[in-house]
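What the coordinates show
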2 protein chains.
Amino acid sequence: MSQLERVAVAEVGRHEGRRVRVEGWLHRVRLLGELAFLVVQDYSGSVQAVWEKPNGGLSGSPLESAVSLVGVVRAEKRAPSGYEVVVEEFKVIAAADPNLPFEVAKPVVDAGLDLVLDHRPLSLRNTAVAAAFRVQATVGRVFRSFLESRGFTEVHTPKIVAAGAEGGAALFPVDYFGRRAYLAQSPQFYKQMLVGAGLERVFEVAAAYRAEEHDTSRHTNEFISLDLEMGFIASEEDVMRLEEEFLAALAAELERRHAADFVLLKAELPKLPGGAGTAAGTFPRLTMAQAHEVLKKEFGKASPSGNLAPEGERLLAQWALCEAGSDFVFITRWPAASRPPYAYRDPEKPELTKSFDLIFRGTEITTGGQRIHEAAALEASLASAGLDPADFAFYTEIFRYGMPPHGGLAIGLERLTAKLLGLGNIREATLFPRDRSRLVP
Amino acid sequence: MSQLERVAVAEVGRHEGRRVRVEGWLHRVRLLGELAFLVVQDYSGSVQAVWEKPNGGLSGSPLESAVSLVGVVRAEKRAPSGYEVVVEEFKVIAAADPNLPFEVAKPVVDAGLDLVLDHRPLSLRNTAVAAAFRVQATVGRVFRSFLESRGFTEVHTPKIVAAGAEGGAALFPVDYFGRRAYLAQSPQFYKQMLVGAGLERVFEVAAAYRAEEHDTSRHTNEFISLDLEMGFIASEEDVMRLEEEFLAALAAELERRHAADFVLLKAELPKLPGGAGTAAGTFPRLTMAQAHEVLKKEFGKASPSGNLAPEGERLLAQWALCEAGSDFVFITRWPAASRPPYAYRDPEKPELTKSFDLIFRGTEITTGGQRIHEAAALEASLASAGLDPADFAFYTEIFRYGMPPHGGLAIGLERLTAKLLGLGNIREATLFPRDRSRLVP
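In this report, the structure presented in the accompanying data block is examined. Within each chain, residues carry numbers counting from 1 in the order of the written sequence. Chains and ligands are labelled sequentially in the order written, the chains with letters from A and the ligands with numbers from 1. Given that the model is predicted, a residue must reach a pLDDT of at least 70 before its local features are reported, and side-chain atom pairs must reach 80 or more before they are shown or counted; all residues, however, enter totals for whole chains, interfaces and linings. Neither water nor hydrogens contribute to the side-chain values; these are computed over all heavy atoms in the structure.

A separate point is helix α8 (residues 375-384) of chain A. Residue and element names in this part refer to chain A. Of all the positions in α8, only A375, L378, S381 and L382 are classed as buried. Seen end-on, α8 carries its buried residues on one side only, within an arc spanning 130°. Those residues of α8 that are exposed and aimed more than 90 degrees away from the buried face are A376 and S384. The secondary structure elements touched by the buried residues of α8 are α9 (393-396). Secondary structure counts use DSSP, requiring at least four H or I residues in a row for a helix and at least two E residues in a row for a strand, with both numbered from the N terminus. Positioned one or two residues after α8, G386 has a phi angle of 85°, which is positive. Throughout, exposure labels follow a simple rule: accessible area from a 1.4 Å probe, protein chains only, divided by the maximum for the residue type, with under 20% read as buried, over 50% as exposed, and the rest as partly exposed. This arc corresponds to the set of directions leading from the helix axis out to the C-beta atoms. Contact between two residues is taken to exist if any of their heavy atoms lie within 4.5 Å; hydrogens are not considered.

Turning our attention to the packing of aromatic side chains. All names here are of chain B. Side-chain rings of Phe, Tyr and Trp (the six-membered ring for Trp) are treated as a pair once their centres are within 6.5 Å; stacked means planes under 30 degrees apart, edge-to-face means over 60, and tilted covers the remaining angles. Within the structure shown, the criterion is met by 36 aromatic pairs over all chains. Relative to F356, the ring of F330 has its centre 5.3 Å away and its plane inclined at 90°; by these criteria the two rings are edge-to-face. Here F330 is found in strand β13 (residues 328-332), whereas its partner F356 is found in strand β14 (residues 355-360), with 26 residues between them in sequence. For the residue pair F330 and F356, the accessibility class agrees, reading buried in each case. Relative to F399, the ring of Y395 lies with its centre 5.4 Å away and its plane at 75°, an arrangement referred to as edge-to-face. You can call Y395 buried: its relative accessible area is 0%.

So, about helix α11 (residues 413-421) of chain B. All names here are of chain B. Summarising burial for α11: eight of the nine residues are buried, a large majority. Listing the buried residues of α11 in full gives L413, E414, R415, L416, T417, A418, L420 and L421. Positive backbone phi, approximately 70°, marks G422, located one or two places after α11.

What follows covers the pattern of salt bridges. Put simply, a salt bridge is a Lys or Arg side-chain nitrogen that is within 4 Å of an Asp or Glu carboxyl oxygen. A complete count under the given rule lists 70 salt bridges over all chains for this structure. Two residues, D42(A) and R6(A), come together in a salt bridge whose shortest N-O distance is 3.7 Å. Within this pair, whereas D42(A) is found in strand β2 (residues 35-42), its partner R6(A) is found in the segment before β1 (19-32), the two being separated by 36 residues in sequence. Look at D42(A) and you get buried, because its relative accessible area is 5%. Note that E88(B) and R19(B) form a salt bridge whose closest N and O atoms lie 2.6 Å from each other. Of this pair, E88(B) sits in strand β5 (residues 83-94) while R19(B) sits in strand β1 (residues 19-32), and the two are 69 residues apart along the sequence. Each member of the salt-bridge network shares a partner with another, and the members are R150(A), E237(A), R241(A), E244(A), E245(A) and R285(A).

Let us look at the nonpolar core. Residues belong to a common nonpolar core when they are buried Ala, Val, Leu, Ile, Met, Phe, Trp, Tyr or Cys residues joined through side-chain atoms within 4.5 Å. Counting 172 residues, the largest nonpolar core has L194(A), L250(A), Y395(A), F143(B), L194(B), L250(B) and Y395(B) as the members making the most contacts within it. Those residues in contact with F143(B) that lie beyond four places of it in its chain are F203(B), E204(B), V205(B), L226(B), D227(B), L228(B), F246(B) and I411(B).

So, in structure tokens, the structure goes:
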């Protein structure tokens, strides 16, 4: 077989009139008289190839086999990319078992989510299934590059920890050389410590663990948390403004790079109040008190408790879309009782915190806020949450050495990806989900 | 106090003649008659400020307090950045406890590593201590951006797993809803599965766990692994070539962005065979058999066993530097007995594998190679390693659906950072190390 350098299928059009080698998976075969039309997929996309008189040369190559072919590139209007490869040589690199658990080359895989997840690698050969992970990689890339452009430093904090960061969430125990340790439910303490350490603006993209036995379409027990924390803020507004600017940058990049993925999944780009492509607009903001008013006045829903139920989040999203043309709405000034002990209290109404959630299309995708920066106040708050401040000395120590006002936020990567693409279950945006019943693959 | 927008200290020079607000940590104070010279540090660097007649205004602001000051920027040749701020207003945002566990504003912190790690956040206020983590963030950024430019997709694979990937390394057990699970010692299985899934070129930057009870300067029990895996390779040479190109890109970026950090740490940029700034040169390569010959012939060291001892790695690095002017040397063709079961056998000498280590300045920083891609051969290899292939069906399944020849590598981020900067202990390049004795902070 010719020793030509391999060309990525997305680059085939640049080689019109020349002989190229293409390698990938045999995704479709259509026979038309003495012609075989093939679709070959690789990491960069897919390309049509036409084989004149294959004479049974395809008989040992079931769909999804890994193949290599050599041929000349020609322009062909009817081919999806505008080019096709006229096959001269064809070789099977690794034949696929013809009995696939489901058909891969369909617009939508005709299999339930459990079957898809049981055969996750094969499912990703489907372009629509894989689209979520191409988009997810872009979300991570924009998060990092946006923050780097603002002077943030990427950090890596330990996931094996001695104590949990949040009050409520349950922890997974780890046997650490005979000692009991836990999997970190968030990098909260560490990212605050690193603000105080003088790095001042830090971010982390890493796994977080919640041992809660929930069984919903928007929770898993291991997920990727996009975390940031920054010092010398005037208030939580600085953090919210930063998130608006990140999401505007993300929307622009999704439009630029992933328009085809959004069409494929029949999904819509996020609606920003300023409109796409413009400078970051200001998302609508409601205090919790105002949110409850809106729910009562506009939707006739009275919810006496402090928290918003999933239904409340959906209705407030509906309100924000009508009132401000925004898929996003901030809910601010949460009651201290429903926030962790490090949340900064509103000096004028100490029962409220300077914290926020961001709701996107009816689901909370971010929790953030300003944090307590005075050591004594933090220790008192830990104690009144029933925790022993001595257990948290590793965290509070730096607060005695010049801790500035600071704040930050966390975004669940899979949940954001799912909401961006209109996927009904967070597991569709998780390569290998971990939940109560799923530990394999 | 003036309501001026804060300016990052690295940007002060752009505001010559204008009034600015600067916020950060009070790093140094020098009194000269009626003048106080201050050094203020923030995330972007440090700046000199001069306060005429402070009149005791500094008495409530110990070193390392968080401060805010307003003043006019003027050119000043004797200031390290060429500019200084003439203080008009000065305010302490958060006073530091004057009893620091060690002095921060020294070229080198005068404290043992354990004390430094016990007070890790404070230690990072020292510019030299923090330099390792600025450089480390760049290593991660270049790894990602280089691979993205080659069509790689970032993935996130689970760290809670049902089975370990490597033969030898011990695993940390996790109590997963009453079932026994483990912390992943590498994303090996998952990244191979994702090659077969059609993503074809994938990378991951994530924690890896080894429960080995070692106590050395080059091991910790939780570390960040830079992993990549790629399909349709001709041999492990494709992977080695990619690593050479990554390291050349990294060296160029370190020279461009971190020259000052290297000076500060008295470290040298890596020596590449092609010379810095040129296209990626080819690193010297020795098969294991050749490596043992060199050790015997050049250094009089006979080592009958298959593996290289740390001393062997050091001597081979010395050889590569003399022979090829290279800080890097590949050792290839490892015996199958010392490699995991997924290592691809040399068809001509099946007792050897198509695998490699990369030695950098005397320490192994990478293990990689081609992997077995035939399902039957992989299952046979697992079985002959004493494992039950049925336990690994989640991994081997995709090998039946068109698995191309593939390979990849893993680089330990902290170890690479430490070797780049000449740090003697990997813990100096780990924000919060986890080892047998250290679980806090």
